Amino acid sequence: MAEPIERHPGKQVETVEAAAAPAVKSASPLWKWLDDRTGIDEMMHVALDEPIPGGARYAYIFGSGLLFVFLSQIITGTFLALYYVPSADHAHTTVAYITKEVAAGSFLRSLHVYGASAMVIIALLHICQTFLYGSFKGRREVLWLSGCVLFALVLGMAFTGYLLPWDMKAYFATAVGTNVPSELPVFGNAIKEVMRGGPELGTLTISRFFVAHVFFIPGLMILFVGAHLMLMRKARPAGPVSEDPFNPKLPTEPFYPRQVVKDLTLALLLILILGGLAFFYPAALGPEANPADTQFLPRPEWYYRSLFQWLKYWHGGAVVIGIGVIPAIVALLFVLIPFLDRKSERRPWRRPLSVGIFGCILIGIVVLEIQSYHDDAHDPAIAQQLALQEKQAEDYMKEPFKAEVVGAQAAAAASNNAPAAPAADSAEITKGQQVFTSHACNACHGDAGAGTPIAPKIAGIGQKYNPDQLLNLFNHPTAKMDKGGMPHFQFTTDDVKAIEAYLDAQH
Ligand code: HEC
């Protein structure tokens, strides 16, 4: 226990404890009771009275903004996990169920989807602020390193989360993403197979990505957020660019109340923006992944677009340099910033070299990003296919939710010839029969789709494909169908539903 320090003998006695006492001390007996048992007064003091050199500023709000969105992602993610089933058979259906059936499901899922983009944007702002202010200087190397780890984890969360809905774009973007390392020599293929859980994307991939997305990476994130905050408190806030990074001289202001209000302003803004987006522009879910579709053009989420564009420029032997060496150098430069830019000068205009290199790399990334969207928009064939894909996702969103028909259930319903199965109405069956005969399906598939040596039995096809999948099959026939001479039919969703109703009635 420190001896009381005599400041003005005979007048006032100040102890270290007294100086550390929180500004507001509640006199309520309940509070005192709680404080005696938990030390909550001291905790509040530690949490809220952190001195900020030079006073509160809007420039410092991004870190707590990240923490806020991270918490929101945990809450919305937990909700999604209540319904989600991580397997190739059920992932898409369960996400469709969340989107189309669960009360406020689409809203909460959209919050999670937009929240992911918000994480990346705010992380970039936080990094730029820290870099430009030189806030990494003055024994803050480990603090910077822990931030680098956190940024990598945020990108990892975005990558692993993208696959989980198992719709067309999720599937193909992840197929491309996991294929990238396979271009590297020696370990390339092994890395790809570890990511996928085998040579192809399937339930094992979903399971891996799910575990990474829900347990592994968030666990590490919580650990590193804790470390990052602790290191920040140890190093103290760096203050404005004029402040000495080692021995701060400016008068300080406590974190509470003015910085807290500034931080909360960002939180409120985020609630309004994310809530508004999620409400007015719900995140889309496309049709279920169909690996056989060879037309689909994979495109990653916006934050991976620059990398996606970058990969286009490297072919053959140069690939190793393009996807291995150069990104590794950039990442290393980034991680080593506090070891390279060592002078205690913090003002960005006095650090032309490091700010120049940082700026060039940032501009390069933005240019690649823009180039990627520009290329897509200016190639008519690509633009048309991308528009079609978007349209298919929109159409899928409008369709009512359809539960999976479990094989055994459907068979039982059919064999009992019980009308228990939701009997398609006879008008639909008649329409289906018309479509079937007018397109001469029977020429190959036999009367009532019973099957012939040329083409297989398709009566009861509903057990194998739902109407979406059937429509997709007609739009993108398999090689066998093409070889067997099956014409390419341009059916509407209604036609396909009718055909399916008819064929199921023949089963
Ligand atoms: C010229 C012959 C021919 C015609 C006409 C034809 N098909 Fe086919 N169909 C095939 C062949 C061949 C296959 C592929 C069989 C295979 O995958 O082994 C096939 C496959 C299918 C399949 C997939 C079956 C499965 O189990 O995966 C469906 C569904 C189908 N056809 C529906 C139709 C419908 C509906 C029509 C009429 C609108 C039609 N076909 C007209 C030859 C034809």
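Bear in mind the structure is a predicted one, so any value in this text is a computation, not a measurement.

Enquirer: Just checking my understanding: could you explain the confidence of the model for the protein for this structure?
Expert: For any part of a model where pLDDT is low, the fine detail of the predicted coordinates should not be relied upon. With 91% of its residues at a pLDDT of 70 or more, the protein shows a mean pLDDT of 88. In this model residues 1–21 is a low-confidence stretch, pLDDT under 50, and it forms 11 contacts with partners more than four residues away in sequence or in other chains. Low pLDDT, under 50, characterises residues 416–422; the predicted model gives this stretch 2 contacts beyond four residues in sequence or across chains.

Enquirer: Even after reading the chapter, I still don't get the coordination of the iron atom of the ligand, so can you show me in this structure?
Expert: Note on metal geometry: ideal angles are 109.5 degrees for four donors arranged tetrahedrally and 90 or 180 degrees for six donors arranged octahedrally. Around the iron atom of the ligand, the protein supplies His445 (NE2) and Met486 (SD) as donor atoms, at distances of 1.9 to 2.2 Å. One can describe the donor arrangement at the iron atom of the ligand as octahedral, given that its 6 donor atoms subtend angles of 87 to 179 degrees at the metal. Placement of the pair is His445 in helix α19 (residues 442–445) and Met486 in the loop between α21 (479–483) and α22 (493–505), with a sequence separation of 41 residues.

Enquirer: Explain the site of the ligand to me, please; I cannot follow it from the model alone.
Expert: Neighbouring the ligand are 23 residues, the closest being Cys441, Cys444, His445, Tyr465 and Met486. Note that a nitrogen atom of the ligand is positioned 2.7 Å from one of the side-chain N or O atoms of His445. Going through the elements one at a time, α19, α20 (467–475) and α21 are the ones with two or more residues in the shell around the ligand. When residues of the shell around the ligand are assigned to their parent elements, the largest contribution, 3 residues, is made by α20. Counted by class, the shell around the ligand contains 17 nonpolar, 4 polar and 2 charged residues.

Enquirer: What am I meant to see in the side chain of His445 here?
Expert: Given the relative accessible area of 11%, His445 is considered buried. Apart from the residues lying within four places of it in its own chain, the contact partners of His445 are Ala450, Gly451, Thr452, Ala455, Pro456, Ile458 and Met486.

Enquirer: When you look at helix α2 (residues 29–38) in this model, what are you seeing that I'm missing?
Expert: Within an α-helix, residues lying three or four positions from one another point in the same direction, as the helix has 3.6 residues per turn. Sitting at the amino-terminal end of α2 is Ser28, which places a side-chain oxygen 3.2 Å from the backbone nitrogen of Leu30. Among the residues trailing α2, Gly39 stands out with phi positive, at a value near 70 degrees.

Enquirer: I keep staring at the environment of Glu345 and nothing clicks. Help me out?
Expert: The residue Glu345 is located in the loop between α14 (337–340) and α15 (352–378) in this model. Taking C-alpha positions, Glu345 is 77 Å from Gly432, a pair spaced 87 residues apart along the chain.

Enquirer: Quick question: what am I supposed to make of the state of the cysteines here?
Expert: Here is the idea: a disulfide is a covalent bond, and it sits between the sulfur atoms of two cysteines. Using the criterion set out here, one finds 0 disulfides in the structure. Looking at Cys360, it has no disulfide partner, and the nearest cysteine sulfur is the one in Cys128, 14 Å off.

Enquirer: Help me understand the environment of Leu204, please; the structure alone is not making it clear to me.
Expert: Mapped onto the fold, Leu204 is located in helix α10 (residues 203–235). If we ignore the near neighbours within four places in the chain, the residues touching Leu204 are Arg196 and Gly197.

Enquirer: Got a minute to help me understand empty space enclosed by the protein in this structure?
Expert: The method is simple in principle: a probe with the dimensions of a water molecule rolls over the atoms, and the space it marks as empty is what remains. Taken as a whole and judged by the stated rule, the model has 1 cavity of 30 Å³ or more. Its volume calculated, the largest cavity comes out at about 40 Å³. Surrounding the largest cavity, Pro53, Arg140, Ala235, Arg236, Pro237, Ala238, Glu243, Asp244, Pro245, Pro248 and Arg346 form its lining. By residue class, the composition of the lining of the largest cavity is 6 nonpolar, no polar and 5 charged.

Enquirer: Any chance you could explain the pattern of salt bridges here in plain terms?
Expert: As a working rule, side chains carrying opposite charge can pair if their charged atoms are close by. In this structure the tally under the stated criterion is 15 salt bridges. In this structure, the salt-bridge partner of Asp376 is Arg299, at a minimum N-O distance of 2.7 Å. Here Asp376, found in helix α15, pairs with Arg299, found in the loop between α11 (258–280) and α12 (305–312); they are 77 residues apart in sequence, far enough to count as distant. Per residue, the accessibility class of Asp376 equals that of Arg299, and both read buried. Across the salt bridge formed by Asp376 and Arg305, the nearest N and O atoms sit 3.2 Å from each other. You can see Asp376 sitting in helix α15 and its partner Arg305 sitting in helix α12, a full 71 residues away along the chain. Classification of Asp376 by relative accessible area gives buried; the value is 6%. Owing to a relative accessible area of 6%, Arg305 belongs among the buried residues under this scheme.

Reading the values: rules and limits
Residues numbered from 1 in each chain as written. Predicted model: local features only at pLDDT ≥ 70, side-chain atom pairs only at ≥ 80, totals over all residues. Heavy atoms only, no water. pLDDT = per-residue confidence, 0-100. Contact = heavy atoms within 4.5 Å. Donors = N, O, S within 2.8 Å, 3.2 Å for Na, K, Ca; no water. Tetrahedral: all angles 85-135°; square planar, octahedral: opposite > 155°, others 65-115°. Helix = DSSP H or I, 4+ residues; strand = E, 2+ residues; numbered from the N terminus. Near = heavy atom within 4 Å. Polar contact = N/O pair within 3.5 Å; in protein donor to acceptor, adjacent residues only side chain to side chain. Nonpolar A, V, L, I, M, F, W, Y, C, P; charged D, E, K, R; others polar. Buried < 20%, exposed > 50% of the residue type's maximum accessible area, 1.4 Å probe, protein only. Disulfide = S-S within 2.5 Å. 1 Å grid on protein atoms, 1.4 Å probe; cavity = no way out; pocket = protein on both sides within 12 Å on 5 of 7 lines; lining within 4 Å. Points joined across faces, edges and corners; volume = space filled by probe spheres on them. Salt bridge = Lys/Arg side-chain N within 4 Å of Asp/Glu carboxyl O.

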